[in-house]
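Descriptive structure summary
As a plain string of letters, each chain reads:
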Amino acid sequence: MASRKSSRAAGGSPSPGSKRETKHGGSKNGKKEGLSGSSFFTWFMVIALLGVWTSVAVVWFELVDYEEVLAKAKDFRYNLSEVLQGKLGIYDADGDGDFDVEDAKVLLGLKERSVPAQPASPESEETVQPAEKSYVESEHKTADIELEEEIQSVLHEALHSQPGERHEDESVSDQWQVKEEIRGETFEAPATDDMLREFENEIPDAYETPDSVQKDADPMADDVGAVESEPYEIPDEYVADLEERVSDPDTPGDSEVLLEDAMEHYTEDRVNEDYSEDQGVESKQTEDDMAIEPEESEKPAKAEDYSNDVQVGKSEKETEQDKTEKAKKKKPKLLNKFDKTIKAELDAAEKLRKKGKVEEALRAFEALVNQYPQSPRARYGKAQSEDDLAEKMRSNEMLQQAINTYDEVVSLPNVPSDLIKLSLKREADRQQFLGRMRGSLVTLQKLVQLFPSETSFKNDLGVGYLLIGDNSNAKKVYEEVLSLAPNDGFAKVHYGFILKAENKIAESIPYLQEGLESGDPGTDDGRFYFHLGDALQRMGDKEAYKWYELGYQRGHFASVWQRSLYNVKGLKAQPWWTARETGYTELVKSLEKNWKLIRDEGLAVMDKKRSLFLPEDENLREKGDWSQFTLWQQGRKNENACKSVPKTCALLERFPEATGCRRGQIKYSIMHPGTHVWPHTGPTNCRLRMHLGLVIPKEGCRIRCAQENRDWEEGKVLIFDDSFEHEVWQDAESYRLIFIVDVWHPELTAQQRRTLPAI
């Protein structure tokens, strides 16, 4: 074939040459112009023939091994692409995971940005690497020269730019992605919604059992004591599920998150803890319970933009300052020197976890841990995968395994400090989720010891103390924080909260108010609006209702008057009810028919030398004497108490809407002359409260609910929704005795009545 090619070239050349000679070389005047033209084309043909014969010789005699050359070139461009992708990945404009010619076109404005429906597969990533793409285009000579020059300039810029720099057209979300998953539990417990949880006295300690949030299920109850008090719960900004992404700290990659974002995430997870029932704030065995915080599914929706609020909020200058400070914060360093060498393997395992392939991710990280036992990031990935799998399986055992693995991360050598922070934060969070408050406190103490200058960790420690009812140590922690950071809003609202629990009403107001006005993470919580308004009311300050109004506007309260915090949306809301409206007419008829029996058994208990009536201890009284004798609480019967009033208890057994109301109580209530109960609200809109008059003075006793006053009558039932603000006066000359029966709100479904956590 080569010989035929040569002969055709040799044989065909004279003809066009002669034609050119005749056409151009011939001249009427016989000048030498034709000779010059003939010499030029002669030399051109000689060079062309030499080139052809050289190519033939190279191929024919196999002077060059082309297969080896091509293989090396292919290997070179693949290696180069791997190097380039670490630098050029930040310029991915079309979302396919790498940088290629198509991305350059988008960045240069020659093509519109598009978002692929699915991430590109590893195979497709290989086929569009920058080096390979340029190799193919040069081979086929189809790329526009100007475009290639622009692409080369972009490549050059990317290779020589600083790791933290971003292209002006680059989307922030393409570089930093923090996946915040609010983990819903089978039980309905208050979940964090960018605010601290309010007054619940049980702590969820299992994935599987909805009723695990009952007081008697609290694993720490034996350690803390039996004193009931106002519970406190973890704020959003401290309990969220971190989904940080693995990456070279020096390169904005797929798995890095800003450390401040990671820390804030810790409060938005699906942790449903409250401060323990044993916390020393305020007890819950009074005629009208103090407010308890709502579950996530129950809570009113929060407004998102409060920039126009007058009472609370930062100035524009402060906001700009916050933005500047946030921009200065550094990325977390999650990889040590060794982990950087296995970054590709870590990324591959993390990619599986991000895609929701939890089992595969766990196997991948376990393999890495076995292969590289000293790798902190591999072990942290294993802990995260176990954490995710625990949620998927709803397994406490798997969650405990994750907690252990988080702890193992910290014990390894050469662990980056940012990774230590994230591991210990998540470990403490998961311990709290399981109700292991003492263990969580130890973890938080370790965190503070390792990073003593971090006031946010001290704030967490204060919350940890509150969770076990240790208000004294919590107070010391917040005093220390405020000495280091006098403007720390989170510390201020908590310190004010503690002062108010100590009945230091006037002292608590400035801390609560300044803390709320700071707008700091963790301060926009319904409980703080509740307590600030309550403190102002007790001081006779009409500003209270301005804060209630603001709390309502921000979605913490159902209305200015209805300020309960455990609310199921959509339930009928009105201060006063009739028996017909409740649907519990049989219960009302039975109570009114047997009111004397109920009264006589109550009086008999009062006449005993050792009174079974216990004083109200929720700090609801301005003055006076108010006590109660409880038969049922949180849907649980007090067997010993019922022995003293057997007929009354037997009568009530027929009405599960009352005895099974796990968000209420059944009890006698006695109030002596000269008593005034501050305006307050109950914990939830999930119940209604019945008052049966037993011994009622002719005048001087009244109750206000919202804006309407009513009087009790002997043998008659009053029904009201105690989630609305109510107030009581006893100005008679003798005691007042009533019988209180809480019932489920009639619009709650059977499923809700079974699954709502007890209060």
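Scroll up for the structure.
Quick summary incoming for the structure in this document.

Reading the values: rules and limits
- Residues numbered from 1 in each chain as written.
- Predicted model: local features only at pLDDT ≥ 70, side-chain atom pairs only at ≥ 80, totals over all residues.
- Heavy atoms only, no water.
- Helix = DSSP H or I, 4+ residues; strand = E, 2+ residues; numbered from the N terminus.
- Buried < 20%, exposed > 50% of the residue type's maximum accessible area, 1.4 Å probe, protein only.
- Areas by Shrake-Rupley, 256 points an atom, 1.4 Å probe, with all protein chains shown as cover.
- Salt bridge = Lys/Arg side-chain N within 4 Å of Asp/Glu carboxyl O.
- Pairing = 2+ DSSP bridges.
- Core = buried A, V, L, I, M, F, W, Y, C linked by side-chain atoms within 4.5 Å.
- Disulfide = S-S within 2.5 Å.
- Expected span 1.5 Å × (residues − 1).
- Phe/Tyr/Trp six-rings, centres within 6.5 Å; stacked < 30°, edge-to-face > 60°.
- Lys NZ or Arg CZ within 6 Å of the ring centre and 35° of its normal.
- Arc of directions from axis to C-beta.

A short note on the overall build of the protein
When helices and strands are counted, the protein shows 32 helices and 13 strands. When the 759 residues of the protein are sorted by exposure, 52% land in the buried category. As presented, the protein carries roughly 34,900 Å² of accessible surface, and 52% of it is formed by carbon and sulfur atoms.

Examining the pattern of salt bridges
Opposite charge on two side chains makes pairing possible when the charged atoms of those side chains draw close. Within the structure shown, the criterion is met by 34 salt bridges. Measuring nitrogen to oxygen at the nearest pair gives 2.9 Å for the salt bridge that ties R704 to E725. Here R704, found in strand β9 (residues 701-705), pairs with E725, found in the loop between β11 (717-720) and β12 (726-730); they are 21 residues apart in sequence, far enough to count as distant. Overall, R704 belongs to the buried group, its relative accessible area being 12%. Within the structure, one salt-bridge network assembled from shared partners comprises E350, R353, R377 and D388.

Here's the deal with the pairing of β11
Of the two faces of β11, both are covered, the one formed by V717 and I719 as well as the one formed by L718 and F720. Pairing between strand β8 (residues 687-695) and β11: 4 bridges, direction antiparallel. Along β11, the bridge assignment pairs R689 with F720.

Describing the nonpolar core
Residues L461, Y478, L516, L532 and W547 are the most contacted members of the largest nonpolar core, which totals 56 residues. Looking at this core element by element, the count peaks at 7 residues for helix α22 (residues 489-501). Counting 41 residues, the second largest nonpolar core, distinct from the first, contains L652, V695, F739 and V741.

Remarks on the environment of G522
Locating G522 in the fold gives a position in the loop between α23 (505-518) and α24 (526-538). Using a relative accessible area of 1% as the deciding quantity, one classes G522 as buried. Spatially, the C-alpha atom of G522 lies 6.0 Å from that of F490, the residues being 32 residues apart in sequence.

Some thoughts on the state of the cysteines
Applying the stated criterion to the full structure yields 1 disulfide. For C642, the disulfide goes to C649, at an S-S distance of 2.2 Å. Taking the torsion about the S-S bond as the criterion, the C642 to C649 disulfide, at about -85°, is left-handed. Using a relative accessible area of 2% as the deciding quantity, one classes C649 as buried.

Remarks on α23
Taking 1.5 Å of rise per residue, 14 residues should cover 20 Å, and α23 covers 20 Å from first to last C-alpha, within 8% of that figure. For α23, the set of buried residues is I505, S508, I509, L512, G515, L516 and S518. G519 occupies a position one or two residues after α23 and carries a positive phi of about 70°.

A closer look at the packing of aromatic side chains
One pass over the structure, following the stated rule, counts 14 aromatic pairs. Note on F338 and Y372: the rings are 5.4 Å apart at their centroids and 65° apart in plane angle, and the pair reads as edge-to-face. Here F338, found in helix α13 (residues 337-341), pairs with Y372, found in the loop between α15 (358-371) and α16 (376-393); they are 34 residues apart in sequence, far enough to count as distant. Residue classification places Y372 among the buried residues on the basis of a relative accessible area of 16%. One aromatic cluster is present, built from ring pairs that chain together Y545, Y548, F557 and W561. Over the ring of Y548 we find R563; its NZ or CZ atom is 3.6 Å from the centre of that ring.

A few points about helix α27 (residues 585-593)
Those residues of α27 not exposed but buried are L587, V588, S590 and L591. Here the buried residues of α27 occupy an arc of 165° about the axis, which is enough to place them on one side. More than 90 degrees from the buried face of α27, the exposed residues found are E586, K589 and K593.

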